[in-house]
Amino acid sequence: MTGSAFASPVEAVSAADRVTLEIRRAILAGRMRPGQEYALRPMAAELGVSFIPVREALRALAAEGLLMTPRGRSATIAPLDSEDLRGICRLRRRIEPDLAAKAWALTTPADLDVLEARIALARDPRNRPDECYDLHWSLLLGLLSPAATGWDLRMLQMLWRATERYLRVGFDLLDPIAIDFATARYDLVAGYRAKDPKAARDAMLRHVDWNEGIAHRSLAAASSANPETGSAQR
């Protein structure tokens, strides 16, 4: 080679990446409401950036299904719908249990000890909601990534973010005693400790089913409290 093909190095994290992260968090947390339209320039002003990184961020988030493809100078946050939630979880069931059946053999007892410690961290009442969900998805990532391809991980992260919207939309309206996150997470790790592919597969399938059940309940609670949140359960 006679020289670099690129004119200059680029920043590890661009302005568009940072804007994408911030807008995604606002959508997942429900601060940007489903069905609501947002003008791009006021959004850019609030974020303290130019119009261009906001436009790039919204295109990326539209590809993730979190908002409607932006047209002109505005974008609409994607609505929440029970049929969409079923589709999200149907795709998760096609990917996660099969990966678990392969990943358990590539996961050591020490790896599982680390993941169990992550479960304990997630139970800390001082955690912010964003931190709790990040820890939850990092647990799944730790369990599945030993057998996952890059494409698997990209698809899963998109599906997990989509699931998170439904989990969070009405979560505060549910009975916390009936939602035992810790037991559900420890069940996942126990499936791997059984040293059997079927046990790992079944544990992951139960976990996706559990996630879907909580998400449907959360959506129903939010829809009852605010009919504009999304479509009613069908």
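About the thresholds
Residues numbered from 1 in each chain as written. Predicted model: local features only at pLDDT ≥ 70, side-chain atom pairs only at ≥ 80, totals over all residues. Heavy atoms only, no water. Helix = DSSP H or I, 4+ residues; strand = E, 2+ residues; numbered from the N terminus. Buried < 20%, exposed > 50% of the residue type's maximum accessible area, 1.4 Å probe, protein only. Contact = heavy atoms within 4.5 Å. Areas by Shrake-Rupley, 256 points an atom, 1.4 Å probe, with all protein chains shown as cover. Salt bridge = Lys/Arg side-chain N within 4 Å of Asp/Glu carboxyl O. Expected span 1.5 Å × (residues − 1). pLDDT = per-residue confidence, 0-100. Core = buried A, V, L, I, M, F, W, Y, C linked by side-chain atoms within 4.5 Å. Phe/Tyr/Trp six-rings, centres within 6.5 Å; stacked < 30°, edge-to-face > 60°. Lys NZ or Arg CZ within 6 Å of the ring centre and 35° of its normal. Patch = residues over 30% accessible without salt bridge, like charges linked within 9 Å, V, L, I, M, F, W, Y side chains within 5 Å. Lys, Arg positive; Asp, Glu negative; His and termini not counted. Charge placed at Lys NZ, Arg CZ, Asp CG, Glu CD. Axes fitted to C-alpha atoms, helices over the stretch in contact; angles between N-to-C directions. Parallel < 35°, antiparallel > 145°, perpendicular 65-115°, else oblique. Left-handed = near helix turned anticlockwise from the far one by under 90°. Nonpolar A, V, L, I, M, F, W, Y, C, P; charged D, E, K, R; others polar.

(A) Spatial organisation of the overall build of the protein. If you tally the helices and strands in the protein, you get nine helices and two strands. A buried classification covers 42% of the 234 residues belonging to the protein. Looking at the protein alone, contacts between residues at least 24 apart form 75% of all its contacts between residues at least 6 apart. Accessible area for the protein stands at about 12,700 Å²; split by element, carbon and sulfur atoms hold 56% of it.

(B) Representation of the environment of W160. Among the structural elements, W160 can be located in helix 7 (residues 150-169). On the basis of relative accessibility, which here comes to 3%, the residue W160 falls in the buried class. Taking the C-alpha atoms as reference points, W160 and I88, 72 residues apart in sequence, are found 8.7 Å from one another. Not counting residues up to four positions away in its chain, the partners in contact with W160 are R92, E96, W137, L140, L141 and L144.

(C) Region of the structure containing the pattern of salt bridges. Evaluated as defined, the whole model comprises 14 salt bridges. Of the charged contacts, one joins D98 and R201 as a salt bridge, the two residues approaching to 2.3 Å between their closest N and O atoms. Taken together, the positions of D98 in helix 4 (residues 82-103) and R201 in helix 9 (residues 197-225) put the pair 103 residues apart, joining distant regions of the chain. D98 gets classed as partly exposed once you look at its relative accessible area, which sits at 34%. One salt-bridge network, in which partners are shared between bridges, spans R24, E64 and R161.

(D) View of helix 7. Between its first and last C-alpha, helix 7 extends 29 Å over 20 residues, near the 28 Å set by a 1.5 Å rise per residue. Within helix 7, the full set of buried residues consists of L156, L159, W160, A162, T163, E164, R165, Y166, L167 and R168. Buried-residue contacts for helix 7 involve helix 1 (15-28), helix 4, helix 6 (129-144) and helix 9.

(E) Summary view of the confidence of the model for the protein. Looking at the protein as a whole, its pLDDT mean stands at 86, while 88% of the residues score no less than 70. Across the protein, the secondary-structure element scoring lowest on mean pLDDT is strand 2 (residues 74-76), at 88, and the one scoring highest is helix 4, at 97. Note on residues 6-10: pLDDT under 50 across the span, and zero contacts to partners over four residues away in sequence or across chains.

(F) Highlighting the nonpolar core. If you look at the biggest cluster of nonpolar residues, it comprises 36 residues, and the most contacted ones within it are L139, L143, L144, Y166, Y192 and M204. Of all the elements in the fold, those that place two or more residues in this core are helix 4, helix 5 (109-122), helix 6, helix 7, helix 8 (181-193) and helix 9. Counting 20 residues, the second largest nonpolar core, distinct from the first, contains A26, M32, F51 and V54.

(G) Spotlight on helix 8. The first and last C-alpha atoms of helix 8 sit 19 Å apart over 13 residues, in line with the 18 Å expected at 1.5 Å per residue. Of all the residues in helix 8, the buried ones are F181, A182, A184, R185, L188, V189, G191 and Y192. At its buried positions, helix 8 is contacted by helix 4, helix 5, helix 6 and helix 9. One or two residues past the end of helix 8 sits K195, with phi positive at roughly 55°.

(H) Highlighting the packing of aromatic side chains. Throughout the structure, instances matching the rule amount to one aromatic pair. Ring geometry for W137 against W160: centres 5.9 Å apart, planes inclined by 5°, an arrangement best described as stacked. Residue W137 is found in helix 6, and its partner W160 is found in helix 7; the two are separated by 23 residues along the sequence. You can call W137 buried: its relative accessible area is 9%. The ring of F51 has R41 lying over it, and the distance from NZ or CZ to the ring centre is 4.4 Å.

(I) Looking closely at a positive patch on the surface. Taken together, the side chains of R41, R55, R59 and R73 make up a positively charged region of the molecular surface. Here R73 is to be found in the loop between helix 3 (51-63) and strand 2. The class for R73 is exposed, based on a relative accessible area of 53%.

(J) Summary view of the packing of helix 4 against helix 7. Here helix 4 crosses helix 7 at 140°, and the two axes come no closer than 10 Å. As summarised for this structure, helix 4 and helix 7 are arranged oblique, according to the angle between their axes. Crossing geometry of helix 4 relative to helix 7 is assigned as left-handed. Mapping the contact onto sequence places D84, L85, I88, L91, R92, I95, E96 and L99 in helix 4 and D152, M155, L156, L159, W160, A162, T163 and Y166 in helix 7. The residue makeup of the contact of helix 4 with helix 7, split by class, is 11 nonpolar, one polar and four charged.

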